[in-house]
Amino acid sequence: MTISKEPEKGLYEFFESNPKEADKEFFGRETNADRRGFLKGAGLATMGAMVGSTIPFHQNMPAGFIPAAFASEDVLVGKDGLTLLNDRPVNAETPAHLLNDLITPTSRHFIRNNGIPPENVNPETWELTIDGLVKTPLKLSIADLKKNFKTHTLALAIECGGNGRSSFDPPAKGNQWTLGAVACSEWTGVKLKDVLEKAGVKSNAIYTAHEGADAHLSGKPGKLPISRGMPIEKAMTDNILIAWAQNGAPIHPNNGAPLRLVVPGWPGSLSHKWLNRIYLRDVEHDGPKMTGTAYRVPKYPVAPGTKVDKKDFEIIERMPVKSLITSHKTGSKIGKEIEVKGHAWSGDRKIKTVEISIDFGTTWQKVKLNDPINDGAWQNWSGKVKFPQAGYYEVWARATDDAGDQQPFALAWNPKGYLNNTLHRVALTVA
Ligand SMILES: Nc1nc2c(c(=O)[nH]1)N[C@H]1C(S)=C(S)[C@@H](COP(=O)(O)O)O[C@H]1N2
Ligand SMILES: [Mo]
């Protein structure tokens, strides 16, 4: 659904920033009170027509309220239980208790779009260009990738750099991700390093640059919504894929079909979707969302709310140590004995231990932790818990990686709301 006056904004953003104007634009009439209950006549009729019925309790709808019927259905086709945070661009996360699978089904892989995905893509004619500082520039179809390189299937975790942003206080602008902008699907494709080796990396190449076929929200032809890159040393590591399949089937349209990059361990923004070009550069890449404060944090810890000079920000590289409890939905009623399960990961590293606590962090119990299926996958853990008596509990999980980094209880605030890896708490009531 497009809003004519502010084409760069989605419904959610528009209603949040200017509810009256959005009401006027959307329903043809301005609300002159701060409750939409005062909306009468044409406006209410339009809204009714759009949801396909009269709205008996329309007096109770607050100004700026967006009926769920408007946005969610058409954009989340093929997804199951995701929470829509924004519809333009589409951003949707998965509630933690729906991430319990060892490998995330495609239907539960979150969506983070910065622009508008290409429509009706044709995998037969799709072309990937490898150029810039290479000895032999390549143009490769998906069939060429399959024919000329070894195919690999790897479970690879992708986490958005802004996952957990909703806990920032003062708040940080951007998608208010809670916990679910993370997933670990099984991806099939070729290794980026194999393709770069074939093209021949020139000695002065220090950085990659990624481009895809999604359109900028402004609709300006040729304007990229995002183009990020990574140091060449990272690009040549062993578990980065150029993938054409997700969980044994074609990639979901919103997860980058027909071809995407999957870069585990570093911010999800490096895992370029609808991938059609990678070029090598002799400078740090400066495409959209590489510069300024995008995907950057201050070089030193700052107090919440601090204004930080742009020159004091640095690019986020590996994602921090983190874990998730996925076996129980927060707020559930349970019996006295349960098995708690979840995942843990730490960019480019392995998890050494996961512990859980049921007494607000006073004592901790180590749980069983599996090795990752392969490098770049999250690790699965499980542990039995016995509650001493009926009542309210919180299960907390805390991961420690092999370099000794441990999840903190308190959030390390930064201006753009990145890298929240505080421990996950799930509220449970024993009946
Ligand atoms: N072409 C393109 N690639 C992209 C993006 C995008 O907007 N356009 N978003 C990035 C970001 S910020 C993240 S976190 C991941 C999310 O991948 P997913 O939507 O498949 O979960 O895709 C990355 N790749
Ligand atoms: Mo992201």
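**Here we look at the site of ligand 1**
Okay, step 1: Residues in close proximity to ligand 1 total 19 residues, the closest being Phe-110, Asn-114, Asp-214, Arg-260 and Lys-273.
Okay, step 2: Notes on ligand 1: free accessible area 530 Å², of which the protein chains cover 100%.

**Considerations on the packing of aromatic side chains**
We describe a pair of aromatic rings using the distance from one ring centre to the other and the angle between the two ring planes.
Okay, step 1: Evaluation of the coordinates by the stated rule reveals six aromatic pairs.
Okay, step 2: Measuring from ring centre to ring centre gives 5.2 Å for Trp-396 and Phe-409, while their planes differ by 35°; the resulting arrangement is tilted. Taken together, the residues span a long stretch of sequence, with Trp-396 in strand E22 (residues 391–401) and Phe-409 in the loop between E22 and strand E23 (424–430) at a distance of 13 residues.
Okay, step 3: We note Arg-277 situated over the ring of Tyr-279; from NZ or CZ to the ring centre the distance is 3.8 Å.

**Description of the pattern of salt bridges**
Okay, step 1: One pass over the structure, following the stated rule, counts 18 salt bridges.
Okay, step 2: Where Arg-281 meets Asp-286, a salt bridge forms, and the shortest distance between an N and an O atom there is 2.6 Å.
Okay, step 3: With relative accessibility at 49%, the residue Asp-286 sits in the partly exposed group.
Okay, step 4: Notably, a salt bridge pairs Arg-398 with Glu-355, separated by 3.2 Å at the nearest N-O pair. Of this pair, Arg-398 sits in strand E22 while Glu-355 sits in strand E18 (residues 351–357), and the two are 43 residues apart along the sequence.
Okay, step 5: Taking relative accessible area as the criterion, Glu-355 reaches 16% and is therefore assigned buried.

**Some thoughts on the sheet that holds strand E17 (residues 337–345)**
Okay, step 1: In space, the four strands of this open sheet follow the order E15-E17-E21-E20, with antiparallel pairing throughout. The strands lining the two open edges of the sheet, one partner per strand, are strand E15 (322–325) and strand E20 (368–369).
Okay, step 2: Pairing geometry for E15 and E17, over four bridges, is antiparallel. When the bridges of E17 are listed, Leu-324 appears paired with His-343.

**Quick look at unusual backbone geometry**
Okay, step 1: Here the residue pair Asp-169 and Pro-170 is connected by a cis peptide bond, since its omega of -5° sits within 30 degrees of zero.
Okay, step 2: If you trace the backbone, Pro-170 turns up in the loop between strand E6 (151–159) and strand E7 (182–191).
Okay, step 3: Note the cis peptide between Ala-257 and Pro-258, where omega equals 5°.
Okay, step 4: The topology assignment puts Pro-258 in the loop between strand E10 (249–250) and strand E11 (260–262).
Okay, step 5: Here the phi dihedral of Lys-289 falls at roughly 75°; this positive angle occurs in a residue that is not glycine.
Okay, step 6: Within the secondary structure, Lys-289 is located in the loop between strand E12 (275–281) and strand E13 (296–298).

**A look at the confidence of the model for the protein chain**
Interpretation of this model should avoid reading the predicted coordinates in detail wherever pLDDT is low.
Okay, step 1: When the pLDDT values of the protein chain are averaged, the result is 91; 86% of them are 70 or greater.
Okay, step 2: Ignoring residues within four places in sequence, the model shows residues 32–38, a span with pLDDT below 50, making 21 contacts including any to other chains.

**Notes on the nonpolar core**
Okay, step 1: Counting 32 residues, the largest nonpolar core has Ile-130, Leu-145, Leu-192, Val-195, Met-230, Ile-242 and Leu-261 as its most contacted members.
Okay, step 2: Residue contributions to this core peak at four residues, all from helix H6 (residues 192–199).
Okay, step 3: Ignoring sequence-local partners within four residues, the contact set of Met-230 consists of Leu-192, Ile-206, Tyr-207, Thr-208, His-210, Ala-235, Ile-240, Leu-261, Val-263, Trp-266 and Leu-270.
Okay, step 4: The next biggest cluster of nonpolar side chains, apart from the first, holds 20 residues, and it includes Val-321, Trp-381, Val-385 and Tyr-393.

Rules and cut-offs
- Residues numbered from 1 in each chain as written.
- Chains lettered and ligands numbered in written order.
- Predicted model: local features only at pLDDT ≥ 70, side-chain atom pairs only at ≥ 80, totals over all residues.
- Heavy atoms only, no water.
- Near = heavy atom within 4 Å.
- Areas by Shrake-Rupley, 256 points an atom, 1.4 Å probe, with all protein chains shown as cover.
- Phe/Tyr/Trp six-rings, centres within 6.5 Å; stacked < 30°, edge-to-face > 60°.
- Helix = DSSP H or I, 4+ residues; strand = E, 2+ residues; numbered from the N terminus.
- Lys NZ or Arg CZ within 6 Å of the ring centre and 35° of its normal.
- Salt bridge = Lys/Arg side-chain N within 4 Å of Asp/Glu carboxyl O.
- Buried < 20%, exposed > 50% of the residue type's maximum accessible area, 1.4 Å probe, protein only.
- Pairing = 2+ DSSP bridges.
- pLDDT = per-residue confidence, 0-100.
- Contact = heavy atoms within 4.5 Å.
- Core = buried A, V, L, I, M, F, W, Y, C linked by side-chain atoms within 4.5 Å.

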